[in-house]
Each structure stands twice: as structure tokens, then as C-alpha cells.
Amino acid sequence: MEAKRRKVVIVGAGSVGTAYIYALLQTGLAAEIALIDIDEKVVAGEVMDLSHGLPFIPPVSIHAGDYSDCSDAHLIVITAGAKQKPGQSRTELVKDNASIIESVCGQIKGQPTDAVLIMVTNPVDILARVALDCLGWPRERVLGSGTVLDTARLKYMLSRHCQVDARNVHAYVLGEHGDSEVVVWSMAHIAGVPIGHYCRICQGCDARQQHKRIAEQVRDSAYHIIDYKGSTYYGIGMSLVRISGAILRDERSVLTVSIKLEGEYDIDGLCLSVPCVVGENGVEQIVDTRLPDEEDKALRASANVLQNLFKHISD
Ligand code: NAD
């Protein structure tokens, strides 16, 4: 991709937006980064602080931006909005953040752009759908970070438990980025060996019990982090760099981003996470496969949770 196209616009200069930029800068993936927030002083401060590290990293220009920056951007990442308070679920944030996202997307819509947009603000699946409706772009170009972070947490926890390099662990969390998310054990494997078979060879634990424990830990991770330190930002920052790399380098990586389904997995009209091939145009392909009955039922239950929540904000 030409240098001028490797431009990333970030809307939201809070903990998540800046953790993402900090991680992105180290990679040399972006040639230009524009930062937008309603709080212009915070933007000025963050841009100054981050710029002072430029002598140590690959060349990149970083500056305070406005919505006209979207016109030649390849990637727009939205992290603007309120975050979860201790004990608060992601879904409880919905009404406040939906109106912020409508206002942000209303301003992006005025720009002639063929960028891919990544929604990060929670509840991310609902807000990806709000953004899609507001922008009217093809669904492939509006994705949510979805369960990319949850999938990373699952890989990390499985790798720790099985004492295998996380890069040799392949496993996915699908559905809502939230309490109803689904660990699809049928798709999990270590070094190409399906997890059920791997556990039989290893015999190091009561696999059923441990899988249940790990799935619960993955689901509850954000609550624990928020309880300990107020908010989560490094893990999501690195997850966003992974998604950005897939887009900016046209990697065609399989990632569990949130995308509006139109009949795939027999779900229609909702954004939620399923395995997707991600490349320069956003979601290049949805990996639509048949899940075992129990996982299929859990994915539908997750879709129902999102459907009810979406109805709640549309009322
Ligand atoms: P934060 O409070 O630190 O930052 C939010 C920023 O948004 C603030 O700087 C605020 O000024 C800005 N903002 C608010 N309204 C705006 C508007 N209309 N236009 C432009 N900027 C606006 O919050 P954070 O910790 O960075 O979290 C941001 C969001 O990301 C939250 O919704 C949080 O729940 C979510 N999050 C998502 C994931 C995920 O996996 N998807 C993970 C962690 C956090």
C-alpha cells in the first residue's frame, strides 16, 4: 500500500485510543496518524507526548486532526465514549454511547472516504451496527473489534494452562463481546491437534472442568481488570494493532471481528463476531461453517442478547 494511504484516524484520545497509538507507533505500520477528540487540550497533550518518542521509531507523522482527515484515511478507529465503571456491564453503557457514535459517524459521513472503520467503543457489537446504519457503507468496511481481544485472552490462558507457546494455540471466541460470548471448543487446536484429542494425549488435567474454568476467566477478565485498575487498555490496544496490520498490509488474517451477518450462521441483521478473513477492504470473507448443536445454540443465544439490546436502543 502506498505511504499516503497508510493514514490512520483515531477518534477518542482516552486510555484505549492512546494505548493503541502507542503500540501502533512501534510497528511502523502507519505513515500518518490523526487524533480527534472533543477535548482538544487532551489531544494537544497526547500528540506532544507521543511525538517526543519519534526519534526512536520508524518515520511517522502524528498530529491533532479533524473530520476532514477521514477523506484520505485508510483506517478510522473509534474509541470515543464512556467506559465501564466497576461492576457495570458493557450493555449498560449503550444509550449514552450510541448517541456519541451517531454524532461521530454523522461527521465522518460528510467526508468522501473509502476507509475501513473499526468500532471499539462498547458495547462494540451494538455500536458497530449503529455506525453501519449511520454511515450507509458496505458492511465489509464497518467492523467491530469484537472478540479479537477475548480470543487473545483465550489463547493466552490456554497456552499458560497447557504450557505451550500461545502462537501454537488456535482457538476462537465468537458472538457478543460480552457476557454471552461463546468459546467454540470445536474449533480449538494446539499444533494442529484438535483440543479434545490433545487433552486426551496430555492427560494433565480434568479437561472438561478446566475448559469451563478458562472460558469463565476469559469472559470475566474485563471485570477483574476494571476492578483492579479502573479500565482496560493495553490488551485492546494490541488487539487493534493486530486488526490494523491485517488491513494496512492486506494480510487476509482470520480474526474474530464483529460484522453484520446476513444469513451466515443463520443469523440476520446483527453485528457479532465470527471468524473473518480481514484484508485491505475490511472483511474480505466470512468463514461460515456449521457448529456442533450445543455451540450453535449458544451462538444463537448470544445473538438474541444483542437483538434485545438493539431493540432497547431503537425504542
Ligand atoms: P476514556 O474515557 O479514557 O476515553 C474516551 C474518550 O472519548 C475521552 O477522551 C473523551 O473526551 C472522548 N469523547 C467522548 N465523546 C466524544 C465525542 N463525541 N467525540 C470525540 N471524542 C469523544 O475511555 P477509554 O478507556 O479510552 O474507553 C473508550 C471506549 O472503549 C469505552 O467505551 C470502553 O468501554 C471501550 N473499550 C472497548 C474494548 C473492546 O474490546 N472493544 C476494550 C476496552 C475498552
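All values derive from a computational prediction rather than experimental measurement. Each chain has its residues counted from 1, following the order in which its sequence is written. Reporting in this predicted model follows two pLDDT cut-offs: at least 70 for local features of residues, and 80 or more for side-chain atom pairs to be given and counted; totals over whole chains, interfaces and linings ignore these cut-offs and use all residues. The basis for every side-chain value is the complete set of heavy atoms in the structure, and neither hydrogens nor water enter the calculation.

## Quick word on the pattern of salt bridges
Part 1 of the argument: By salt bridge we mean one thing: a side-chain nitrogen of Lys or Arg within 4 Å of a carboxyl oxygen of Asp or Glu. One pass over the structure, following the stated rule, counts 16 salt bridges.
Part 2 of the argument: Put simply, Arg-139 and Glu-140 hold a salt bridge, and the shortest N to O gap is 4.0 Å.
Part 3 of the argument: Look at Glu-140 and you get partly exposed, because its relative accessible area is 31%.
Part 4 of the argument: A salt bridge links Arg-252 to Glu-284; the nearest nitrogen and oxygen atoms lie 3.8 Å apart. Note that Arg-252 is positioned in the loop between helix H8 (234-248) and strand E12 (253-255) and Glu-284 in strand E16 (residues 282-286), a separation of 32 residues in sequence.
Part 5 of the argument: For each residue, the accessible area found with a 1.4 Å probe, counting protein chains only, is set against the maximum for its type, and the residue is called buried under 20%, exposed over 50%, and partly exposed in between. Accessibility expressed as a relative area gives 45% for Arg-252, which makes it partly exposed.
Part 6 of the argument: On the basis of relative accessible area, Glu-284 is assigned to the partly exposed category, the value being 25%.
Part 7 of the argument: In the salt-bridge network here, residues are joined through shared partners; they are Arg-139, Glu-140, Lys-260, Glu-262 and Glu-264. Under the DSSP-based scheme used, a helix requires at least four consecutive residues in state H or I and a strand at least two consecutive residues in state E, with every element numbered from the N terminus.

## As for the packing of aromatic side chains
Part 1 of the argument: Each Phe, Tyr or Trp ring (for Trp, its six-membered ring) is paired with any other whose centre lies within 6.5 Å, and the angle between the two planes then decides the class: stacked below 30 degrees, edge-to-face above 60, tilted in between. Going through the model one piece at a time under the given rule, you end up with one aromatic pair.
Part 2 of the argument: Centroid distance Tyr-233 to Tyr-234: 4.8 Å. Interplanar angle 65 degrees. Geometry classified as edge-to-face.
Part 3 of the argument: For Tyr-234, a relative accessible area of 54% translates into the label exposed.
Part 4 of the argument: We call a charge positioned over a ring when the NZ of a Lys or the CZ of an Arg lies within 6 Å of the ring centre and within 35 degrees of the ring normal. Of note, Arg-141 hangs over the ring of Trp-137, and the distance from its end group to the ring centre comes to 4.3 Å.

## Comments concerning the domain arrangement of the protein
A common measure of how large an interface is: the accessible area buried when the components associate.
Part 1 of the argument: The domain boundaries here were taken from an automatic or database domain assignment. Partitioning the protein into domains gives domain 1 (3-144) and domain 2 (148-314).
Part 2 of the argument: One C-alpha centre belongs to domain 1, the other to domain 2, and the line joining them spans 22 Å.
Part 3 of the argument: With 43 residues of domain 1 at the contact, the number on the domain 2 side is 46 residues.
Part 4 of the argument: For any pair of parts, buried area is found by adding up, for both, the accessible area (1.4 Å probe) each one loses once the two are put together. Across the domain 1 to domain 2 interface the summed buried area is about 3,700 Å²; carbon plus sulfur atoms make up 70%. Note on contacts: a residue pair qualifies if any of its non-hydrogen atoms lie within 4.5 Å across the two residues.

## Quick look at the environment of Val-47
Part 1 of the argument: Along the chain, Val-47 turns up in helix H2 (residues 40-51).
Part 2 of the argument: Judged by relative accessible area, which is 11%, Val-47 ranks as buried.
Part 3 of the argument: Separated by 215 residues in sequence, Val-47 and Glu-262 place their C-alpha atoms 40 Å apart.
Part 4 of the argument: Discounting residues that sit within four places of it in the chain, Val-47 has contacts with Leu-35, Ile-62, His-63 and Ala-64.

## Details of the sheet that holds E16
Part 1 of the argument: For two strands to be treated as a pair, DSSP must find no fewer than two bridges joining them. The strand order E12-E15-E16 describes an open sheet built from three strands, whose pairing is antiparallel. Each having just a single partner strand, E12 and E16 make up the two edges of the open sheet. Strand after strand, the sheet turns through a mean of 45 degrees between neighbouring axes, direction not considered.
Part 2 of the argument: When E12 meets strand E15 (residues 276-279), the two strands line up antiparallel, connected through three bridges. Bridge assignment links Ser-253 to a residue of E15, and that residue is Val-278.
Part 3 of the argument: Running over the sheet, H8 touches E12 and E15 and is turned about 145 degrees from E12. To get an axis, fit a line to the C-alpha atoms, keeping to the stretch in contact for a helix; angles then go from 0 to 180 degrees between the N-to-C directions.

## Observations concerning unusual backbone geometry
Working note: non-glycine residues mostly have negative phi, and peptide bonds are mostly trans.
Part 1 of the argument: Asn-122 connects to Pro-123 through a cis peptide bond whose omega is -5 degrees.
Part 2 of the argument: Relative to the helices and strands, Pro-123 is located in the loop between strand E5 (116-119) and helix H4 (124-135).
Part 3 of the argument: A positive phi angle is found at Asp-250, which is not glycine, with a value near 50 degrees.
Part 4 of the argument: By the secondary structure assignment, Asp-250 is in the loop between H8 and E12.
Part 5 of the argument: Despite not being glycine, Arg-252 has its phi angle at roughly 55 degrees, a positive value.

## Looking at the side chain of Glu-176
Part 1 of the argument: The residue Glu-176 is located in the loop between strand E8 (173-174) and strand E9 (182-183) in this model.
Part 2 of the argument: Here Glu-176 is in contact with Thr-91, Asp-125, Thr-147, Glu-181, Ser-302, Val-305 and Leu-306, once residues within four sequence places are set aside.

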